[in-house]
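Chain and residue survey
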Amino acid sequence: MRDWTPADIEALRRWIVPPEQGVHKWQLFDGPFYARWTAEGANGWCDGLLRRAHDGDWPAVREHLAVVDSATGRFVGQVSWYWEERPTEESADGTALLPWRRLGLAIYDPSDWSAGYGTEALALWTDYLFRTADGDRLDYATWSGNAGMCRIGAKLGFTEEARFRKARKVRGELYDAVVYGVLREEWEARRAG
Ligand SMILES: CC(C)(COP(=O)(O)OP(=O)(O)OC[C@H]1O[C@@H](n2cnc3c(N)ncnc32)[C@H](O)[C@@H]1OP(=O)(O)O)[C@@H](O)C(=O)NCCC(=O)NCCS
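Residues numbered from 1 in each chain as written. Predicted model: local features only at pLDDT ≥ 70, side-chain atom pairs only at ≥ 80, totals over all residues. Heavy atoms only, no water.

Once that is clear, we can look at the site of the ligand. Looking at the ligand, there are 22 residues lining it, with I107, G116, T119, R151 and K155 nearest. In this structure, a nitrogen atom belonging to the ligand sits 2.9 Å away from a main-chain N or O atom of L105. With respect to the ligand, the side chain of T119 contributes an N or O atom lying 2.5 Å from an oxygen atom. Going through the elements one at a time, β3 (100–107), α3 (117–132), β4 (137–143) and α4 (147–155) are the ones with two or more residues in the shell around the ligand. With six residues, α4 is the single largest residue contributor to the shell around the ligand. Residues that form the shell around the ligand fall into these classes: 12 nonpolar, seven polar and three charged. (Near = heavy atom within 4 Å. Polar contact = N/O pair within 3.5 Å; in protein donor to acceptor, adjacent residues only side chain to side chain. Helix = DSSP H or I, 4+ residues; strand = E, 2+ residues; numbered from the N terminus. Nonpolar A, V, L, I, M, F, W, Y, C, P; charged D, E, K, R; others polar.)

The structure is reproduced here in structure tokens:
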């Protein structure tokens with residue numbers, strides 16, 4: 001994983017700008033029930049990334065990184081996180097919203113799928129976030145039709161924490177919404193073991 005280089009950003013642009021016709025295959029699996037990138041939105045996002053790469057303007061805890069093949073440096077995808085809930089200050093009686101981060105992962109080219117990139121990237125990203133950020137848990141949300149993403153959670157020792165049955169409709173079929181999570185102590189014990 002690395003901070004975005006201009007070459008990574010141009011590779012990302014090719015994957016997120018909508019094709020002339022249809023959709024990219026990765027979009028059939030990546031939250032297909034949410035609104036897709038428009039060309040304008042995708043180009044704006046990539047142009048913003050280019051400016052930040054030029055200035056080295058990244059937050060202390062990175063919110064996204066490029067995933068590249070470590071042998072060749074070839075761009076293959078990205079990891080990200082977003083706030084499920086932002087923390088609040090603890091009140092006198094010890095009540096607060098805790099920092100709650102949700103992970104994102106995409107390996108764009110179908111010819112790169114099932115080669116191990118996704119599992120390794122999510123493991124590195126989980127390590128990175130537990131090392132650099134507060135919070136006792138991390139999780140990600142996916143759907144039961146995304147077999148690769150569900151398999152990664154199981155492989156990395158995440159717990160299936162929620163399954164909302166028949167909560168998603170994709171191309172005419174009903175699927176479950178699924179959340180996989182891991183606690184800091186579980187992750188550390190697994191690493192130590
Ligand atoms: C889901 C995704 C991240 C998986 O990444 P990946 O690089 O293929 O993952 P890995 O190679 O580490 O594979 C992990 C496991 O899932 C399996 N797997 C991957 N894709 C699969 C698929 N489409 N169907 C069934 N199993 C699959 C792999 O065989 C492997 O299992 P194994 O170790 O038991 O053999 C990738 O396919 C992707 O980015 N898809 C498009 C975007 C997306 O769906 N993002 C997630 C949004 S929630």
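Next, the rest of the story.
Taking 1.5 Å of rise per residue, the 16 residues of α3 would be expected to cover 22 Å, and the 22 Å separating its terminal C-alpha atoms lies within 8% of that figure. Where burial is concerned, most of α3 is hidden: 12 out of the 16 residues are buried. (Expected span 1.5 Å × (residues − 1). Buried < 20%, exposed > 50% of the residue type's maximum accessible area, 1.4 Å probe, protein only.)

Next up on the list: unusual backbone geometry. A positive phi is found at S114, a non-glycine position, where the angle reads about 60 degrees. With respect to the secondary-structure elements, S114 resides in the loop between β3 and α3. The phi dihedral of K166 falls on the positive side, at around 50 degrees, and the residue is not glycine. Positionally, K166 belongs in strand β5 (residues 159–170).

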